[in-house]
Amino acid sequence: MDEKLRHALGEAARTARLRLGLTQAEVAKKVRLKPGVYGRVERGAMVPSVPTLRRICETLAISSDVLLSLGAQAHEVTAPAPPPAAGEHPELSRIIHVLQGWPPERLALLRKLLETAGTHLSDVS
């Protein structure tokens, strides 16, 4: 049972980390673990302490139920995107859903990238 829990926790953490586009080192820093220790969590070699588990949940924007394979939502790392608002493009709705879990500094960087890309695209047209 412990081995299954460690493996499931590691898989869920890895999936959530990749969804956010973070490296193991970035997550480890935010969670206040050494990168090698966080890597062991993702590989299923160890289970973190409860305070560390909480920081992992907060950093990866994932519920503890998902990390611990509890309940119905344990098989779903992210909830499905809500239906688009009237007149909203469905792809925009999906993008907004993904971005809701991002930290403010990452959103600011994305905004700058989009503004730069928009400027360059208008130069080409």
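Notes on the structure in this doc start here.

Parameters at a glance
Residues numbered from 1 in each chain as written. Predicted model: local features only at pLDDT ≥ 70, side-chain atom pairs only at ≥ 80, totals over all residues. Heavy atoms only, no water. Helix = DSSP H or I, 4+ residues; strand = E, 2+ residues; numbered from the N terminus. Buried < 20%, exposed > 50% of the residue type's maximum accessible area, 1.4 Å probe, protein only. Contact = heavy atoms within 4.5 Å. Areas by Shrake-Rupley, 256 points an atom, 1.4 Å probe, with all protein chains shown as cover. Arc of directions from axis to C-beta. Polar contact = N/O pair within 3.5 Å; in protein donor to acceptor, adjacent residues only side chain to side chain. Core = buried A, V, L, I, M, F, W, Y, C linked by side-chain atoms within 4.5 Å.

Digging into the overall build of the chain
Next up, step 1: When its secondary structure is counted, the chain shows seven helices and zero strands.
Next up, step 2: Counting the 125 residues in the chain, one finds 25% classified as buried.
Next up, step 3: Within the chain, residue pairs in contact and separated by at least 24 positions form 51% of the contacts whose partners lie at least 6 positions apart.
Next up, step 4: As presented, the chain carries roughly 8,300 Å² of accessible surface, and 61% of it is formed by carbon and sulfur atoms.

Some details on helix α2 (residues 24-31)
In an α-helix, one turn spans 3.6 residues; hence positions three or four apart end up facing the same way.
Next up, step 1: Within α2 the residues assigned to the buried category are Val 27, Ala 28 and Val 31. One side of α2 carries all its buried residues, which in axial view fall inside an arc of 100 degrees.
Next up, step 2: Looking at the buried residues of α2, the elements they touch are α1 (2-20), α3 (35-42) and α4 (50-60).
Next up, step 3: Immediately downstream of α2, the backbone of Arg 32 shows phi near 70 degrees, a positive value.

Structural notes on the side chain of Thr 59
Next up, step 1: Checked against the element boundaries, Thr 59 lands in helix α4.
Next up, step 2: Residue Thr 59 is classed as buried on the basis of its relative accessible area of 18%.
Next up, step 3: Side-chain polar atoms of Thr 59 contact the backbone oxygen of Arg 55, separated by 2.8 Å.
Next up, step 4: Those residues within four positions of Thr 59 in sequence are excluded, and the remaining contacts are Leu 20, Val 27, Lys 30 and Val 31.

What to know about the side chain of Glu 42
Next up, step 1: Counting through the fold element by element, Glu 42 comes out in helix α3.
Next up, step 2: Apart from the residues within four sequence positions on either side, Glu 42 is in contact with Gly 10, Glu 11, Ala 13, Arg 14, Arg 17 and Gln 24.

What about α3?
Next up, step 1: Those residues of α3 not exposed but buried are Tyr 38, Gly 39, Val 41 and Glu 42. One side of α3 carries all its buried residues, which in axial view fall inside an arc of 155 degrees.
Next up, step 2: Where α3 is buried, its residues meet α1, α2 and α4.
Next up, step 3: Residue Gly 44 follows α3 closely and has a positive phi angle near 80 degrees.

Points about the nonpolar core
Next up, step 1: Core analysis: the biggest nonpolar cluster contains 20 residues, and Val 27, Tyr 38, Ile 56, Leu 60, Ile 62 and Leu 67 have the highest contact counts within it.
Next up, step 2: Secondary-structure elements contributing two or more residues to this core are α1, α2, α3, α4 and α5 (64-67).
Next up, step 3: Leaving out residues up to four positions away in the same chain, Ile 56 has contacts with Val 31, Tyr 38, Val 41, Pro 48, Ile 62 and Leu 67.

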